[in-house]
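Each chain, written out:
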Amino acid sequence: MRVPGGLTQGERGHVSAGLLGRIQSAHLASLSTGIADPAVASAKARPRVLRSTFNKLMVSTMVLAAVGTLASGTLASFNATTTNANNTFQTGTLALSDNVAAQTCLSYGALDAQDQFTNNNSNGSCNTVAFAAAAKPGDPAATANFTLKNVGSLAGASMKVAGSGCATTNNAEAFHGAGDLCGQLAIAVQEMTDATFATNKQCLYPNTSLGACGATGTVTAFQTASPVSSATGLAKAGAAGDTRYFQVQIQLPAASGNQFQGRVATFTITWELDQ
Amino acid sequence: MDRTKKILITMLVLGALAAVGGGTYASFNAVTTNPGNTFQTGSIFLSNDKDTTATTCFSYGALTAGQFTNNNTQACSTLVTVATTKPSATVTSVVLHLKNVGASNGTLGLATTCASANSDPTASGNRNLCDRLAIRITPCGAMPGGYTSGNTTCNTTSVTHCVYSQTAAYVNTAAACGALGYPVLGAMPAAATAGSLTDLATRTAANTTVDTINAGNEVYYQIDIQLPDTGAGLENDVQGKTATFGFTWSLS
């Protein structure tokens, strides 16, 4: 018969009773081999389990220590750290609003989902102006009024206007001349004092002068002279001077010949606001 | 009385006799004592102040009965704040003063972060502003008359060490810093180039060694930041943006 502590009745007869005796006997049992009794085998296996658990803990500890050492060369020892955080560098914006013929076009165009422009703040698709249709020599000058406004947070130091890409084509009629209308049309670009476009402020092309423009140049000559700079820019949005008013006049001179009949001149006007 | 009780009584009697007579057993003896042994730790402390201002920030922060409770890691002042600006030749400079105020020599490490966000309420460019901000960190040499409060630039001539610039090997080079700026940056989505804040943040994402400061020694660094104007509206893609960046200096 086996009793708790792994001792048989017989063993109790040879070993003094008490804790010391049980420990000694258990140790002897663990050292013996070839024991067929399952109960004895269980008593023998228990220390191995303990040893196995201990070994696992030791190995885990060593692995963790090794990983910790490898993961950071800076974990070691003493260190001192200071941080200068939240430094900021903020940029402003220059954004041009171009209103002509009751339509407004913004330089930044369509925005993406993050309210970001992807056109480099250059919008080449603003609305077109039909200055005249079926005009004849000597007709009054056709005009288009442009309202340019800085809707950005930075002041623009200068403004430029440029003509480009003028090409003469035939209109839809059956007969026409072959004259270069771009080289014939007279153009003037002038700044007006306010939104009524009633009073001239200064002329930008063909000459730079206060008041109304003088002798006119052709569209072709305007292209050659482009870009034409105005004396001032635009204040930042919301400030006085953030809006300026420009008028473009185009006229077919009275002396124009039949070679300009049935012709169409198509050209581009570009407004640019620079920092 | 059984056998067990007899044994116990015998042991008790023997134990009592031993206790009574024990004080007289000692006769010859020899004794040595090594008192007052100590084990002392050193210290590595870092002080950090901008433009050598009167207010100095220490890594140990506020002390409680002479002990720090912040694990020797302290948030110090912001160095640079630039609001609503535009590309230009203007360079924003600041002098940072770091000193090893501890008792042990240390290796100085730097970790840099930079994040870009849209800050215009309506429209912003679509490039990371950190890509277009040029940065250079130059160690300062001796200043005529020494460094005083309010210095935003320092003497960088004849310096043969560079913390960071656009010139290889970029970080912690044993040569003078290159020019402030970066090579021409292409249109989106071209990657940021050396000399930019993005590049610095990449190269010092972790604690990258940039210098050595022995106990009691100090260094001054001039930090230059610029949004270059390369013309032709190339920088339009960073309109309406804010870059927020931080420097973490570690002495170990």
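Here the residue index of a chain counts from 1 through its sequence in written order. Here every chain gets a letter starting at A, and every ligand a number starting at 1, in the order they are written. Under the rules for a predicted model, residues below a pLDDT of 70 receive no local features and side-chain atom pairs below 80 are neither given nor counted, while totals for whole chains, interfaces and linings still include all residues.

Details of the overall build of chain B
Within chain B, the secondary structure is distributed over 3 helices and 14 strands. Exposure is read from a count of other C-beta atoms within 10 Å of each residue's own; the residue is exposed at 12 or fewer, buried at 20 or more and partly exposed in between. C-beta atoms are placed from the backbone. Considering chain B as a whole, with its 252 residues, one finds that 39% of them fall into the buried category. Whether two residues are in contact depends on their C-beta atoms, placed from the backbone: they are in contact if these lie within 7 Å. Taking the contacts inside chain B whose residues are at least 6 apart along the sequence as the reference set, 74% of them involve residues at least 24 apart. Comment: elements are numbered from the N terminus, with helices defined as DSSP H or I runs of at least four residues and strands as E runs of at least two.

Overview of the overall build of chain A
From N to C terminus, chain A includes 4 helices and 14 strands. Every one of the 275 residues in chain A was classed for burial, and the buried ones make up 28%. Within chain A, counting contacts between residues at least 6 apart in sequence, those at least 24 apart form 69% of the total.

Looking at the sheet that holds strand β12 (residues 228–229) of chain A
Residue and element names in this part refer to chain A. For two strands to be treated as a pair, DSSP must find no fewer than two bridges joining them. Taken together, 3 strands build an open sheet; the order of strands is β12-β7-β14 and the sheet is antiparallel. Only two strands of the sheet have a single neighbouring strand rather than two, namely β12 and β14 (263–274). Of the strand pairs in this sheet, strand β7 (residues 158–170) and β12 are connected by 2 bridges, and their pairing is antiparallel. Looking at the pairing, Lys 160 lines up with Ser 229 of β12.

Re the pairing of strand β1 (residues 46–50) of chain B
Residues and elements named next belong to chain B. In terms of burial, β1 is largely enclosed, as 5 of its 5 residues are buried. Every second residue of β1 is oriented toward a common face, with Leu 46, Asn 48 and Lys 50 on one face and Ser 47 and Asp 49 on the other, all of them buried. Sheet analysis places β1 next to strand β7 (residues 92–100), joined by 5 bridges and oriented antiparallel. Bridging across to β7, Lys 50 finds its partner in Leu 96. Judged from the 2 bridges that link them, β1 and strand β2 (residues 57–58) form a sheet pairing that is antiparallel. Within the sheet, the bridge partner assigned to Ser 47 lies in β2 and is Phe 58.

Things to note about the interface of chain A and chain B
Each partner contributes residues to the interface: chain A has 34 residues there, and chain B has 56 residues. In the scheme used here, Gly and all other residues not listed as nonpolar or charged are polar, with Ala, Val, Leu, Ile, Met, Phe, Trp, Tyr, Cys and Pro taken as nonpolar and Asp, Glu, Lys and Arg as charged. Residues that form the side of chain A that touches chain B fall into these classes: 10 nonpolar, 22 polar and 2 charged. Sheet topology note: the strand β3 (residues 80–91) of chain A/strand β5 (residues 73–76) of chain B ladder contains 4 bridges and is parallel. Considered in β5 of chain B, the bridge of Thr 82 of chain A is made with Gln 74 of chain B.

Things to note about the confidence of the model for chain A
Low-confidence regions, as indicated by low pLDDT, have predicted coordinates that should not be scrutinised in detail. Residues and elements named next belong to chain A. pLDDT is a per-residue confidence score from the predictor, ranging from 0 to 100. Of the residues in chain A, 72% reach a pLDDT of 70 or more, and the chain-wide mean stands at 80. The weakest mean pLDDT in chain A belongs to strand β1 (residues 2–3) at 34; the strongest belongs to helix α4 (residues 219–225) at 97. In the model, residues 1–46 has pLDDT below 50 throughout and makes 28 contacts with residues more than four positions away in sequence or in other chains. Low pLDDT, under 50, characterises residues 63–75; the stretch is placed with 4 contacts to residues that sit more than four places away or in other chains.

Digging into the environment of Asp 115 of chain A
Mapped onto the elements of the fold, Asp 115 of chain A is located in the loop between β5 (103–106) and β6 (142–150). The sequence separation of Asp 115 of chain A and Phe 222 of chain A amounts to 107 residues, and the corresponding C-alpha distance is 36 Å. In this structure Asp 115 of chain A touches Asn 118, Thr 122, Ala 123 and Ser 124 of chain B, once residues within four positions along its chain are discounted.

Let's talk about unusual backbone geometry
Cis geometry marks the peptide bond from Ser 226 of chain A to Pro 227 of chain A; its omega dihedral reads 0°. Structurally, Pro 227 of chain A can be placed in the loop between α4 and β12. Omega for the bond connecting Ala 168 of chain B with Ala 169 of chain B falls within 30 degrees of zero, at 10°, which places this linkage in the cis form. Mapped onto the secondary structure, Ala 169 of chain B falls in the loop between β10 (162–164) and β11 (171–173). Its identity as a non-glycine residue notwithstanding, Asn 120 of chain A has a phi of 55°, on the positive side. Within the element layout of this structure, Asn 120 of chain A appears in the loop between β5 and β6.

So, the nonpolar core
One finds Leu 133, Ile 135, Leu 197 and Ala 243 of chain B to be the most contacted residues of the largest nonpolar core, which totals 48 residues. Considering every element that reaches this core, the biggest residue donor is strand β14 (residues 241–251) of chain B, with 5 residues. The residues contacting Leu 197 of chain B, other than those within four sequence positions of it, are Cys 114, Cys 130, Leu 133, Ile 135, Ala 243 and Phe 245 of chain B. Take the buried Ala, Val, Leu, Ile, Met, Phe, Trp, Tyr and Cys residues, join any whose C-beta atoms are within 7 Å, and the set you get is a nonpolar core. With 39 residues, the next largest nonpolar core counts Cys 166, Leu 185, Leu 234 and Ile 250 of chain A among its residues.

A short note on the confidence of the model for chain B
All names here are of chain B. Looking at chain B, the pLDDT average stands at 88 and 87% of residues meet or exceed 70. In the predicted structure, residues 17–22 sits below a pLDDT of 50 and forms 0 contacts with residues beyond four places in sequence or in another chain. Scored by ipTM, the complex comes to 0.83, with pTM at 0.75.

With respect to the pairing of strand β8 (residues 106–118) of chain B
Residue and element names in this part refer to chain B. Both β8 and strand β12 (residues 208–213) contribute to a ladder of 5 bridges, which runs antiparallel. Each residue of the ladder has a partner; that of Gly 106, found in β12, is Ile 213. Note that β8 and β14 share 11 bridges and pair antiparallel. Paired with Asn 118 across the bridge in β14 is Lys 241.

What about the environment of Leu 251 of chain B?
Mapping Leu 251 of chain B onto the fold places it in strand β14. Judged by local crowding, Leu 251 of chain B falls into the buried class, with 28 C-beta atoms found within 10 Å. Sequence separation between Leu 251 of chain B and Gly 106 of chain B is 145 residues; the distance between their C-alpha atoms is 5.4 Å. In this view, Leu 251 of chain B contacts Asn 79 and Ala 80 of chain A together with Ile 44, Leu 46, Asn 100, Gly 106, Leu 108 and Ile 213 of chain B; residues no more than four positions away in its chain are not counted.

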